[in-house]
Amino acid sequence: MTYLSRSKRVAQIIEGATKFFSEHGLGGQTRELSASLGIAQPLLYRYFPSKQALIDRIFIEAFENRWDDSWRDLILDESQPLKERYKRFYAEFNDSILTREWVRLFMYAELGSYGYGKKVLDKLRKEIFLPLAITLRKHYGYPQVDESAITKAEIELLLELHGVVLYHAIRRHVYDVKASRKIGPILDNIVFYLEGAMPRVLANLFPDHRPTAARMKRQS
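Right, let's walk through the structure included here. (Residues numbered from 1 in each chain as written. Predicted model: local features only at pLDDT ≥ 70, side-chain atom pairs only at ≥ 80, totals over all residues. Heavy atoms only, no water.)

### So, the overall build of the chain
Looking only at helices and strands, one finds eleven helices and zero strands in the chain. Ordered by position from N to C terminus, the α and β elements of the chain give α-α-α-α-α-α-α-α-α-α-α. With the principal axes as the frame, the chain shows a C-alpha extent of 70 × 35 × 30 Å. Sequence-distant contacts in the chain: of pairs separated by 6 or more residues, those separated by 24 or more amount to 69%. As displayed, the chain has an accessible area near 12200 Å², and 53% of this comes from carbon and sulfur atoms. (Helix = DSSP H or I, 4+ residues; strand = E, 2+ residues; numbered from the N terminus. Contact = heavy atoms within 4.5 Å. Areas by Shrake-Rupley, 256 points an atom, 1.4 Å probe, with all protein chains shown as cover.)

### A short note on the packing of aromatic side chains
Inspection of every chain in the model, using the stated rule, returns 17 aromatic pairs. Relative to Tyr175, the ring of Tyr167 has its centre 6.1 Å away and its plane inclined at 75°; by these criteria the two rings are edge-to-face. Feature note: the residues Phe63, Trp67, Trp71, Tyr86, Phe89, Tyr90, Phe93, Trp102 and Phe106 constitute an aromatic cluster, connected by ring pairs. (Phe/Tyr/Trp six-rings, centres within 6.5 Å; stacked < 30°, edge-to-face > 60°.)

### Some thoughts on the nonpolar core
Ranked by internal contacts, the top residues of the largest apolar core, which has 45 residues, are Phe89, Phe93, Leu98, Trp102 and Met198. Setting aside residues no more than four positions away along its own chain, Leu98 makes contact with Phe93, Val103, Val165, Leu166, Ala169 and His173. In this structure, Ile13, Leu33, Leu43 and Phe48 belong to the second largest nonpolar core, which totals 21 residues. (Core = buried A, V, L, I, M, F, W, Y, C linked by side-chain atoms within 4.5 Å. Buried < 20%, exposed > 50% of the residue type's maximum accessible area, 1.4 Å probe, protein only.)

Structural data, given as structure tokens:
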């Protein structure tokens, strides 16, 4: 067995374990994992005291450490057209987060009630959906509020459209169905849906409010 520094050995274990569990499920045994890594099982436990500790670290590396803190700023950046900000975020999110390993691990984790799904949704809600909902209100000329006053209906619509991107990744990485289209045209469609649905959601929330003529003209 080749000697590696601690940092390199930890990186090797995380990389190998990510691939192993993404293919075999989180019920996979550490004995088989160790064999696939070419190390003894006691050595694995020297670096990670339990299987749960290893899985927790994998999810930190696969999601939290791949999250780009600039995405929130991107959503709020009014120097760029809103639909371009939206499409850029999802293109980057798709490339950075929705890898084969992460999508499969996420599905296995939710089936096993590991609780990572709530953390993911909480992150998306706080960093993306809430600032996006505020931006959309301003974009369509509706009353401005802080994040605490954004409604469930607004967040639900954004969650539903998020599901389109996620399902595209699931088809590829879980069902092993070759995607007929790249993510770009799918994002174009999502923007089309968003532009059609969000004004209706806001109109239902504020039936007595009418966007200004200048705002409506800018949307045409």
